[in-house]
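Chain and residue survey
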Amino acid sequence: MILQPMHLVSVAKQKMSEFSPSISESTLTSAIFHPSVVIFDKDGTLVCFHTMWNSWCEDLARRMSAETSKDMASDIYDLMGYDYKTKKVGMGILAEKTHPYIKEKVVEMLVKQGFHEWEAKKVLEKTWKDTPENMQIKMTGNLRDLFSRLKKKDIKIAICTSDSREGTEEFLETLHLQDFLDIVVCGDDKVSKCKPDPHNAIYICKELNVDLSEAIMVGDTPADTIMGQAANLGLTIGVLTGVGTHEDLTHADLIVNSVSEVVDLITDNSSNKDFHSVTVTSRGLCKIAERSSLHTTARSSGFRS
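Since this is a predicted model, take the numbers as computed values, not measurements.

1. Quick notes on the overall build of the chain
- Per the secondary structure count, the chain includes 13 helices and ten strands.
- A separation threshold of at least 6 residues defines the contact pool for the chain, and within that pool the share at least 24 residues apart is 68%.
- Accessible surface, the chain as shown: approximately 14,400 Å² in total, 50% of it carbon and sulfur.

2. Focus: unusual backbone geometry
- With an omega of 10°, the peptide bond between K195 and P196 qualifies as cis.
- Within the fold, P196 resides in the loop between β6 (183-185) and α10 (199-207).
- Even without being a glycine, N209 presents a positive backbone phi close to 60°.
- Residue placement: N209 occurs in the loop between α10 and β7 (215-219).

3. Side note on the side chain of K42
- Inspection of the secondary structure puts K42 in the loop between β2 (37-40) and α3 (49-68).
- The buried category is assigned to K42, whose relative accessible area is 0%.
- A polar atom in the side chain of K42 sits 2.6 Å from the side chain of D43.
- A distance of 3.0 Å separates a polar atom in the side chain of K42 from a polar atom in the side chain of D163.
- With sequence-adjacent residues up to four places away left out, K42 is seen in contact with V47, M52, I159, C160, T161, D163, T168 and F171.

4. A closer look at the pattern of salt bridges
- If you walk through the whole model with that rule in mind, you get 16 salt bridges.
- For D163, the salt bridge goes to K42, with nearest N and O atoms at 3.0 Å. Placement of D163 in the loop between β5 (156-160) and α9 (165-175) and of K42 in the loop between β2 and α3 is noted, with a sequence separation of 121 residues between them. No difference in accessibility class separates D163 from K42, as the two residues are buried.
- E169 is paired through a salt bridge with R165; the nearest N and O atoms lie 3.9 Å apart. Pair noted here: E169 and R165 are both in helix α9, with a separation of four residues, about one helical turn.
- The exposure class of E169 is partly exposed, given its relative accessible area of 38%.

5. Some points on the pairing of β5
- The buried count for β5 comes to four of five residues, which makes it a mostly enclosed element.
- Alignment of β2 against β5, held across four bridges, turns out to be parallel. Bridge pairing links I39 to A158 in β5.
- Across three bridges, β5 lies against β6 in parallel orientation. Each bridged residue has a counterpart across the sheet, and for A158 the counterpart in β6 is I183.
- You can see the chain leave β5, run along α9 and come back into β6, and the turn it takes is right-handed.

6. What to know about the packing of helix α6 (residues 99-112) against helix α7 (residues 117-127)
- Running from N to C, α6 and α7 cross one another at 130°; their axes reach a closest spacing of 9 Å. Judged by the angle between their axes, α6 and α7 are oblique. Considering the relative orientation of α6 and α7, their crossing is right-handed. Residues K103, V106, V107, L110 and V111 of α6 form the contact with α7, whose own contacting residues are E117, A120, K121, V123 and L124.
- When the residues that make up the contact of α6 with α7 are grouped by side-chain class, the tally is seven nonpolar, no polar and three charged.

7. Quick word on the packing of aromatic side chains
- Summed over all chains, the structure comprises seven aromatic pairs.
- Look at F40 and F147: their rings are 5.6 Å apart centre to centre, the planes differ by 40°, and that puts the pair in the tilted class. Remark: F147 occurs in helix α8 (residues 143-152) and F40 occurs in strand β2; sequence separation between them is 107 residues.
- Each ring, one from F147 and one from F180, has its centre 6.1 Å from the other, and the planes form 65°; the classification is edge-to-face. You can see F147 sitting in helix α8 and its partner F180 sitting in the loop between α9 and β6, a full 33 residues away along the chain.
- Judged by relative accessible area, F147 falls into the buried class, the value being 1%.

8. What to know about the pairing of β2
- Every second residue of β2 is oriented toward a common face, with V37 and I39 on one face and V38 and F40 on the other, all of them buried.
- Alignment of β2 against β7, held across four bridges, turns out to be parallel. Each bridged residue has a counterpart across the sheet, and for V37 the counterpart in β7 is A215.

9. Topic: α10
- Buried within α10 are the following residues: N200, A201, I204 and C205. In a view along the axis of α10, the buried residues occupy a sector of 135°, so they form one face of it.
- Where the residues of α10 are buried, they touch β2, β5, β6, β7 and α11 (222-230).
- Taken from the residues just after α10, N209 is the one with a positive phi, measuring 60°.

Cut-offs used in this document
Residues numbered from 1 in each chain as written. Predicted model: local features only at pLDDT ≥ 70, side-chain atom pairs only at ≥ 80, totals over all residues. Heavy atoms only, no water. Helix = DSSP H or I, 4+ residues; strand = E, 2+ residues; numbered from the N terminus. Contact = heavy atoms within 4.5 Å. Areas by Shrake-Rupley, 256 points an atom, 1.4 Å probe, with all protein chains shown as cover. Buried < 20%, exposed > 50% of the residue type's maximum accessible area, 1.4 Å probe, protein only. Polar contact = N/O pair within 3.5 Å; in protein donor to acceptor, adjacent residues only side chain to side chain. Salt bridge = Lys/Arg side-chain N within 4 Å of Asp/Glu carboxyl O. Pairing = 2+ DSSP bridges. Right-handed = clockwise from strand over helix to strand, strands pointing away. Axes fitted to C-alpha atoms, helices over the stretch in contact; angles between N-to-C directions. Parallel < 35°, antiparallel > 145°, perpendicular 65-115°, else oblique. Left-handed = near helix turned anticlockwise from the far one by under 90°. Nonpolar A, V, L, I, M, F, W, Y, C, P; charged D, E, K, R; others polar. Phe/Tyr/Trp six-rings, centres within 6.5 Å; stacked < 30°, edge-to-face > 60°. Arc of directions from axis to C-beta.

Pasting the structure below:
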């Protein structure tokens, strides 16, 4: 079940109608919690997925077509989930899987096309590139400002991405974000396991000495949100800046438009007067209600003492 934006706090809003409309959002904010770490997916969450990977798909198809003397475009696009007409990547292996996994699938595709396995591996070796030749980065928000706000609240920042270490480090260096990050786990790291396996989220919390219940996962695909739930993290938030829709992100506790709104929710940004639309899933409603109940009990106990 999906509750429409802000229904979680509609009662509070009705009872406090003399306050501004933002009262409902502030009520939701106080009901979440102050996390110890926020784990961000990268592509589709921090940066526009389509801007970065559209040209990569087309360039890979062009190189493979030249190498094999066959038109491989439709096969590559179908495999990656890329729509050439709309120039958008849909849900599929490029959006959700690691590069090592995708490379295995490319080899399998070539074998089905009639290539021997050794030939397919040779084609892949000659044509594969981990990162776009001319990396185009379009941020989904002012990342330096957002990360700075988290750091001011003593909240650790992690990135868990299916992208390669090479591509991720290029992204961080280009945007000068390295100093904000406490840990980065990439798809081709030896310690990494493919999402939605909860291993990476658990690993990040262990390395940072953070309890799983005090971590938030933020991502744009089911692989991200299922990983967050499987790891039993405190909260899992889906964002709509990538390939996932509301229907795709039903495993999230909350669904918001962007990472800017995520940071607004957990840092109580009084300077931002914008009223955000938040979708709360039934799973998220239960989590927030339980946490709010615990906070109320704790406050009551404090008063009695």
